[in-house]
Amino acid sequence: MAADATILYSEDEIRRRVRDLGAAITDAYAGRSPVLVSVLKGGIVFLADLIREIRLPLRVDFMSISSYGEDAGGVVRILKDLDADVGGEDVLVVEDIIDTGLTLSYLLGTLRARRPASLEVCTLLDKSARRIPPLDVRYRGFDCPDVFVVGYGLDVDERFRNLPFILALDRPAQLLEDPGLLDGFLQVPPGPVA
Ligand code: 5GP
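The present account deals with the structure reproduced in this document.

Scoring rules and cut-offs
Residues numbered from 1 in each chain as written. Predicted model: local features only at pLDDT ≥ 70, side-chain atom pairs only at ≥ 80, totals over all residues. Heavy atoms only, no water. Core = buried A, V, L, I, M, F, W, Y, C linked by side-chain atoms within 4.5 Å. Buried < 20%, exposed > 50% of the residue type's maximum accessible area, 1.4 Å probe, protein only. Helix = DSSP H or I, 4+ residues; strand = E, 2+ residues; numbered from the N terminus. Contact = heavy atoms within 4.5 Å. Polar contact = N/O pair within 3.5 Å; in protein donor to acceptor, adjacent residues only side chain to side chain. Pairing = 2+ DSSP bridges. Axes fitted to C-alpha atoms, helices over the stretch in contact; angles between N-to-C directions. 1 Å grid on protein atoms, 1.4 Å probe; cavity = no way out; pocket = protein on both sides within 12 Å on 5 of 7 lines; lining within 4 Å. Points joined across faces, edges and corners; volume = space filled by probe spheres on them. Nonpolar A, V, L, I, M, F, W, Y, C, P; charged D, E, K, R; others polar. Near = heavy atom within 4 Å.

**Considering the nonpolar core**
Core analysis: the largest hydrophobic core is formed by 25 residues, its most contacted members being Ile-25, Phe-46, Leu-50, Cys-122, Leu-124, Leu-125 and Ile-166. Taken together, the elements giving at least two residues each to this core come down to helix H1 (11-28), helix H2 (44-51), strand S5 (90-98), strand S6 (118-126) and strand S7 (139-143). Every residue in contact with Cys-122, bar those within four places of it in the chain, is listed here: Leu-21, Ile-25, Phe-46, Leu-50, Leu-92, Val-93, Val-94, Glu-95 and Tyr-139. Residues Val-39, Val-86, Leu-111 and Val-121 belong to the second largest nonpolar core, which totals 19 residues.

Next up, the structure:
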């Protein structure tokens with residue numbers, strides 16, 4: 001693979017961290033049935049692996065949001081809300097990545113207003129150096145450097161979520177312009193990704 005699209009976290013490293021996180025969550029929530037809330041679409045790969053490492057009778061639920069961008073201070077519009085009420089429940093928000101934290105901070109505010117019994121966050125990647133609002137992140141897979149990452153649920157223009165590892169890119173558009181960088185991992189027709 002070219003030097004400008006390097007593997008930041010391998011399949012093995014991710015598997016080991018997810019196993020550790022699952023064990024920590026199993027211990028912390030022993031005797032309870034938490035609801036794991038995932039934000040579509042980036043969080044689905046992590047969620048799918050994480051829940052199989054948690055030995056508890058948990059539930060999963062999904063939200064879909066549309067961000068108005070950093071200028072809007074992280075205000076988001078809810079496109080799809082949770083299916084079930086989380087009042088009185090132990091809610092664990094499962095995120096793929098926290099960058100500035102603005103989106104998550106807004107989301108936590110809306111969830112807190114529903115009066116869950118507890119509300120915690122588990123993120124696979126944390127770009128903690130870029131954090132704007134203070135956030136209490138209870139479970140963290142990796143403290144991620146300030147680079148653009150893709151794979152294991154994270155996309156560029158809706159593509160490449162299916163990579164089983166996480167790549168660091170110089171520029172997000174790099175893989176769209178030259179998908180040949182992924183030779184051996186994805187079968188792609190020659191030329192830029194349409
Ligand atoms: P925040 O509100 O924390 O700044 O933004 C978080 C969202 O930005 C994530 O849920 C994700 O969709 C996107 N994001 C932030 N950094 C990256 C990155 O390095 N790669 C990808 N693919 N998305 C990112």
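**Regarding the side chain of Arg-161**
Within the secondary structure layout, Arg-161 lies in the loop between strand S8 (148-150) and strand S9 (166-169). Residue Arg-161 is classed as buried on the basis of its relative accessible area, which comes to 16%. In terms of polar contacts, Arg-161 uses its side chain to reach the side chain of Glu-158, at 2.8 Å. Not counting the four nearest positions on each side in its chain, Arg-161 is found in contact with Lys-41, Gly-42, Val-45, Gly-151, Tyr-152, Gly-153, Leu-154 and Asp-155.

**Here's the deal with the sheet that holds strand S1 (residues 5-9)**
Here we have three strands laid out as an open sheet, ordered S1-S9-S8, and antiparallel in their pairing. Edge positions in the sheet fall to S1 and S8, since each has one partner strand and no second. Averaged over all neighbouring strand pairs, the angle between strand axes comes to 40 degrees, with direction disregarded.

**Describing the layout of surface pockets**
Empty space within the second largest pocket amounts to approximately 200 Å³. Lining the second largest pocket are 14 residues, and of these Glu-11, Ile-14, Arg-15, Asp-49 and Tyr-152 lie nearest its centre. Among the elements of the structure, H1 and H2 are those that each provide at least two residues to the lining of the second largest pocket. Looking at the lining of the second largest pocket element by element, the count peaks at five residues for H1. The residue makeup of the lining of the second largest pocket, split by class, is six nonpolar, one polar and seven charged.

**Some points on the environment of Ser-67**
Within the fold, Ser-67 resides in strand S3 (residues 59-67). With 36 residues separating them along the chain, Ser-67 and Thr-103 place their C-alpha atoms 7.2 Å apart. When sequence neighbours within four positions are dropped, the list of residues in contact with Ser-67 reads Val-75, Val-76 and Thr-103.

**Re the sheet that holds S6**
Taken together, six strands build an open sheet; the order of strands is S4-S3-S2-S5-S6-S7 and the sheet is mixed. One side of each edge strand has no neighbouring strand; the edge strands of this open sheet are strand S4 (76-80) and S7. Taking the axes of each pair of neighbouring strands and ignoring which way they run, one obtains an average angle of 30 degrees across the sheet. Here S3 pairs with S4 via four bridges, running antiparallel. Counted as the bridge partner of Ser-66 is Arg-77 from S4.

**A short note on the site of the ligand**
For the ligand, the set of nearby residues contains 14 residues, the closest of which are Thr-100, Gly-101, Thr-103, Lys-127 and Val-149. Contacts to the ligand include Thr-100, whose side-chain N or O atom sits 2.5 Å from an oxygen atom. Thr-103 has a polar side-chain atom sitting 2.4 Å from an oxygen atom of the ligand. Those elements that provide at least two residues to the shell around the ligand are S5, helix H3 (102-112) and S8. The element that contributes the greatest number of residues to the shell around the ligand is S5, accounting for three residues. The residue makeup of the shell around the ligand, split by class, is seven nonpolar, three polar and four charged.

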